[in-house]
Amino acid sequence: MIQKLIQKIQKTHAPIVVGLDPMLSYVPAHIQKRAFEEHGETLEGAAEAIWQYNKEIVDHVYDLIPAVKPQIAMYEQFGIPGLVAFKKTVDYCKSKDLVVIGDIKRGDIGSTSAAYAVGHLGKVKVGNNSFAGFDEDFVTVNPYLGTDGVKPFVDVCKEEKKGLFILVKTSNPSSGEFQDRLIDGRPLYELVGEQVAKWGEDCMGDDYSYIGAVVGATYPEQGKVLRKIMPKSFILVPGYGAQGGKGADLVHFFNEDGLGAIVNSSRGIIAAYKQEQYAKYGEEHFAEASRAAVEAMIADIGTALERAK
Ligand SMILES: O=c1ccn([C@@H]2O[C@H](COP(=O)(O)O)[C@@H](O)[C@H]2O)c(=O)[nH]1
């Protein structure tokens with residue numbers, strides 16, 4: 001799957017991911033109205049509304065981008081109907097040939113991690129049959145429990161030719177509370193980065209490992225250091241747009257081959273129509289605003305990378 005991700009980045013010239021994080025408050029009134037007429041103001045109604053919203057955005061941007069990142073929390077808040085909308089979103093994006101990164105941030109003791117890995121990346125056995133549950137291409141993993149919590153995900157990736165992005169230095173304001181703590185004089189995120197590189201050593205595609213890392217756009221200096229510590233790991237970079245990250249901050253997340261990083265924006269794309277610069281599209285044409293925001297993000301990152309050459 002890492003090869004597919006790289007090929008799609010090269011084809012689109014867009015090292016970007018659209019984050020599908022649908023809050024009900026972003027879903028335009030006409031879509032909510034239709035869904036509630038059919039299902040009432042229920043979890044089913046909300047799930048239908050977010051699914052229709054996602055579908056329209058994907059239809060407007062899929063040709064510009066290599067990948068999407070549905071954030072499972074946004075679906076889980078609507079219970080089982082929300083998870084059905086998550087699965088519909090995953091399947092629809094795959095039918096559009098997009099790489100799907102499930103932002104699930106799982107990680108537990110080994111046996112429990114194994115169940116998460118099977119459910120999201122692998123196949124579960126039921127008698128003589130086996131079934132893919134959610135079937136994303138990559139998932140995000142929390143490494144806090146150590147190697148036995150991560151290895152089951154790595155094992156399923158090896159079997160299924162899928163991949164991981166492991167949290168190394170997250171984009172949020174408090175990420176330093178634990179991640180920047182010094183251990184033997186070095187910040188914890190560097191030690192985690194080294195371990196990600198090790199976990200990825202025998203999981204190589206052609207040039208990059210399918211065991212990648214998450215490093216926030218909001219920490220460009222740390223991104224520069226981590227790029228060197230994990231030269232073969234793809235970095236998923238959240239924090240662009242709504243959290244303040246800009247193209248110019250991101251150049252050191254990339255390798256000299258112009259690859260090695262893929263930058264996510266969620267609210268900045270899916271709720272673009274709420275921003276002043278895209279207000280002209282109006283709520284009815286929200287997905288066209290999303291397309292314009294994707295084009296602007298591609299141009300911003302492309303220009304920054306060109307300038308850095
Ligand atoms: O360090 C991290 C890890 C994950 N995320 C997730 O990415 C998106 C960001 O959304 P925006 O609307 O573009 O801010 C969201 O799903 C987070 O859970 C992150 O932001 N930082």
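Within each chain, residues carry numbers counting from 1 in the order of the written sequence. A pLDDT threshold of at least 70 governs which residues receive local features in this predicted model, and a stricter bar of 80 or more applies before side-chain atom pairs are shown or counted, although totals over entire chains, interfaces and linings include all residues.

Asker: Can you break down the site of the ligand residue by residue, with the values?
Answerer: Close to the ligand lie 18 residues, the nearest being Gln-71, Thr-170, Pro-238, Ser-266 and Arg-267. Helix and strand assignments follow DSSP, with helices taken as H or I runs no shorter than four residues and strands as E runs no shorter than two, numbered in order from the N terminus. Only strand S12 (261-265) and helix H11 (267-270) provide two or more residues apiece to the shell around the ligand. Only Asp, Glu, Lys and Arg are considered charged, only Ala, Val, Leu, Ile, Met, Phe, Trp, Tyr, Cys and Pro nonpolar, and every remaining residue, Gly among them, polar. For the shell around the ligand, a count of residues per class yields 3 nonpolar, 12 polar and 3 charged. Near, for a residue, is defined by distance from a backbone-placed C-beta atom to a molecule or strand, with 6 Å as the limit that must not be exceeded.

Asker: Pulling in residues and values, what's your account of the pairing of strand S4 (residues 123-126)?
Answerer: When S4 meets strand S5 (residues 129-132), the two strands line up antiparallel, connected through 4 bridges. What sits directly across from Lys-123, in S5, is Ala-132. Any two strands are treated as partners once DSSP identifies two or more bridges connecting them. Between S4 and S5, which follow one another and run antiparallel, lie 2 residues, and Gly-127 among them has a positive phi close to 60°.

Asker: Which residues make up the UniProt feature "active site" (unreviewed entry) in the chain, and what values go with them?
Answerer: UniProt positions are given in the numbering used here, feature names are shortened, and annotations may be inferred rather than shown by experiment. UniProt's feature table lists "active site" (unreviewed entry) at Lys-105, given in the numbering used throughout. Along the chain, Lys-105 falls in strand S3 (residues 99-106). Whether two residues are in contact is decided by their C-beta atoms, placed from the backbone, lying within 7 Å. Sequence-distant contacts of Lys-105, defined by excluding residues within four places in its chain, comprise Thr-140, Asn-142 and Leu-167.

Asker: Before we move on, could you go through unusual backbone geometry and cite the residues and values that matter?
Answerer: If you check the backbone angles, Asp-97 has positive phi at about 65° while not being a glycine. Along the chain, Asp-97 turns up in the loop between helix H5 (79-95) and S3. Think of it as a crowd count around each C-beta: if 20 or more other C-beta atoms lie within 10 Å the residue is buried, if 12 or fewer it is exposed, and in between it is partly exposed, with C-beta placed from the backbone throughout. Look at Asp-97 and you get exposed, because 11 C-beta atoms sit within 10 Å. Although it is not a glycine, Asp-184 sits at a positive phi angle of roughly 50°. Among the secondary structure elements, Asp-184 is positioned in the loop between strand S8 (182-183) and strand S9 (186-187).

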